Amino acid sequence: MRSRTPDRVCAEAVEIARQAAVESVGAEAVGAHLAAVAEGERVVTHTFECLDAAYRGWRWAVTVARAPRAKLVTLDEVVLLPGPDAVLAPQWVPWSERLRPGDLGPGDLLPTDADDLRLEPGWTGEDAPAPNSAVFDGDEDLVVSDPHVQPAPARAQIGAVAEELGMSRPRVLSRLGLHQAADRWEKAHGPQTPMAQSAPASCTSCGFLIPIGGSLGQAFGVCGNEFGPADGQMVSLAYGCGGHSEAAVLPAPPVPAELILDETVVEPLHLHPDRTAGSVEPDAPAEELGHS
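Residues numbered from 1 in each chain as written. Predicted model: local features only at pLDDT ≥ 70, side-chain atom pairs only at ≥ 80, totals over all residues. Heavy atoms only, no water.

Engineer: Tell me about the overall build of the chain, residues and numbers included.
Structural biologist: The helix and strand tally for the chain stands at 6 helices and 9 strands. A burial count over the chain gives 21% of its 292 residues as buried. Within the chain, contacts between residues at least 6 apart in sequence are counted, and of these 50% link residues at least 24 apart. (Helix = DSSP H or I, 4+ residues; strand = E, 2+ residues; numbered from the N terminus. Buried < 20%, exposed > 50% of the residue type's maximum accessible area, 1.4 Å probe, protein only. Contact = heavy atoms within 4.5 Å.)

Structural data, given as structure tokens:
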């Protein structure tokens with residue numbers, strides 16, 4: 001137990017403690033004496049201000065002690081400890097907890113724990129079929145004595161059957177993993193986002209939506225609009241954006257009429273006999289000018 005009252009002889013050994021600190025780090029880094037704290041019976045730690053600019057708020061701690069009935073103080077250790085106002089590094093966090101979406105880069109490997117709650121076995125992993133299984137071969141030690149009886153053909157193992165059926169993955173997403181994925185997608189591209197709130201319609205009726213299979217396909221799909229904000233990403237069926245295929249269908253531009261040039265009809269132009277060719281009376285009747 002730490003004694004409340006420092007040993008008098010050890011507490012008075014301030015210069016001995018200071019000299020030990022100076023010999024360890026140099027006089028320019030040791031400041032004023034701050035306190036003497038009892039660590040135990042006849043054990044006292046002297047603290048000095050640290051003048052190193054890189055360790056602002058830290059303190060040099062020099063521990064001294066003496067033997068029973070001894071009057072000489074001996075040096076235990078000199079260490080640098082943080083004070084109340086010391087600048088400290090943030091608490092260490094394991095890399096698995098520091099990892100964030102998007103941190104994985106080319107060449108990086110992201111191992112998963114064997115007991116990762118987001119995953120569950122894709123199949124039992126046992127390659128030996130159960131006795132009541134359709135792929136059970138029966139007793140391997142059974143010897144057929146009748147030469148006319150052909151032995152049963154060897155059946156495929158479970159691993160081969162699982163691979164053929166597309167179930168060869170050792171682990172698949174658990175219900176927890178599915179719910180976590182759905183929550184992330186809903187938060188990024190769901191009905192509560194500002195984009196969806198101002199959209200003219202939801203993705204359910206959008207022609208750019210690419211359906212997906214599985215249970216998640218009932219609530220999500222993949223956006224296939226290259227001009228949309230979620231192109232190539234998983235979106236909620238209740239999500240929406242201004243790039244909806246039926247939001248604003250552009251009307252077909254009007255087709256101009258074809259130009260028709262009539263060259264089959266000749267209209268004669270009557271000229272006045274007293275006028276030179278090419279001239280007409282200003283007040284001549286319309287029928288004389290070749291107009292109807």
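Engineer: Outline the sheet that holds strand β8 (residues 220–223), listing residues and values.
Structural biologist: Pairing is antiparallel across the open sheet formed by 3 strands, whose spatial order is β7-β8-β9. Each of the sheet's edge strands pairs with one partner strand only, and the pair in question is β7 (209–211) and β9 (234–236). In this sheet, adjacent strand axes meet at a mean angle of 50° when their direction is disregarded. Pairing of β8 with β9, which is carried by 3 bridges, proceeds in the antiparallel orientation. Note on β9: the bridge partner recorded for G221 is V235. (Pairing = 2+ DSSP bridges. Axes fitted to C-alpha atoms, helices over the stretch in contact; angles between N-to-C directions.)

Engineer: Tell me about the pattern of salt bridges, and name the residues and values.
Structural biologist: Within the structure shown, the criterion is met by 4 salt bridges. In this structure, R42 engages E41 in a salt bridge whose closest nitrogen and oxygen atoms are separated by 2.9 Å. The closest approach of N and O atoms between D116 and R118, which form a salt bridge, is 2.7 Å. According to the relative accessible area criterion, D116 is buried, its value standing at 15%. (Salt bridge = Lys/Arg side-chain N within 4 Å of Asp/Glu carboxyl O.)

Engineer: I'd like to hear about the pairing of strand β1 (residues 30–40), residue by residue, with values.
Structural biologist: Here 7 bridges tie β1 to strand β2 (residues 43–50), and the two strands are oriented antiparallel to one another. The partner of V30 across the bridge, within β2, is C50. Counted between consecutive antiparallel strands, the loop separating β1 from β2 contains 2 residues, among which R42 sits at a positive phi close to 60°.

Engineer: So what's going on with the nonpolar core? Residues and values would help.
Structural biologist: Judged by nonpolar contacts, A17, A20, A21, A29, V30, F48, C50, W58, W60, V62 and A86 together constitute the single largest core of 11 residues. Each residue touching A20, except ones within four places of it in the same chain, is listed here: V62, L75 and V78. Counting 8 residues, the second largest nonpolar core, distinct from the first, contains C203, C223, L237 and Y239. (Core = buried A, V, L, I, M, F, W, Y, C linked by side-chain atoms within 4.5 Å.)

Engineer: I'd like to hear about the environment of L173, residue by residue, with values.
Structural biologist: Position of L173 relative to the elements: it lies in strand β6 (residues 171–173). Taking the C-alpha atoms as reference points, L173 and E120, separated by 53 residues in sequence, lie 6.1 Å from one another.

Engineer: Explain the environment of T47 to me, and be specific about the residues and the numbers.
Structural biologist: Summarising the element assignment, T47 is placed in strand β2. When its relative accessible area of 13% is taken as the criterion, T47 is described as buried. For the pair formed by T47 and V37, sequence separation is 10 residues and the distance between their alpha carbons is 8.3 Å. The contacts of T47, once residues within four sequence positions are left out, are A32, H33, L34, A35, R59, W60 and A61.

Engineer: Describe the pairing of strand β3 (residues 58–65), with residues and values.
Structural biologist: Counting buried residues in β3 gives 7 out of 8 residues, a clear majority hidden from the surface. Pairing geometry for β2 and β3, over 7 bridges, is antiparallel. Within β3, the position partnered with V43 by the bridge is A65. Pairing of β3 with strand β4 (residues 74–82), which is carried by 8 bridges, proceeds in the antiparallel orientation. Directly across from W60, in β4, lies its bridge partner L80.

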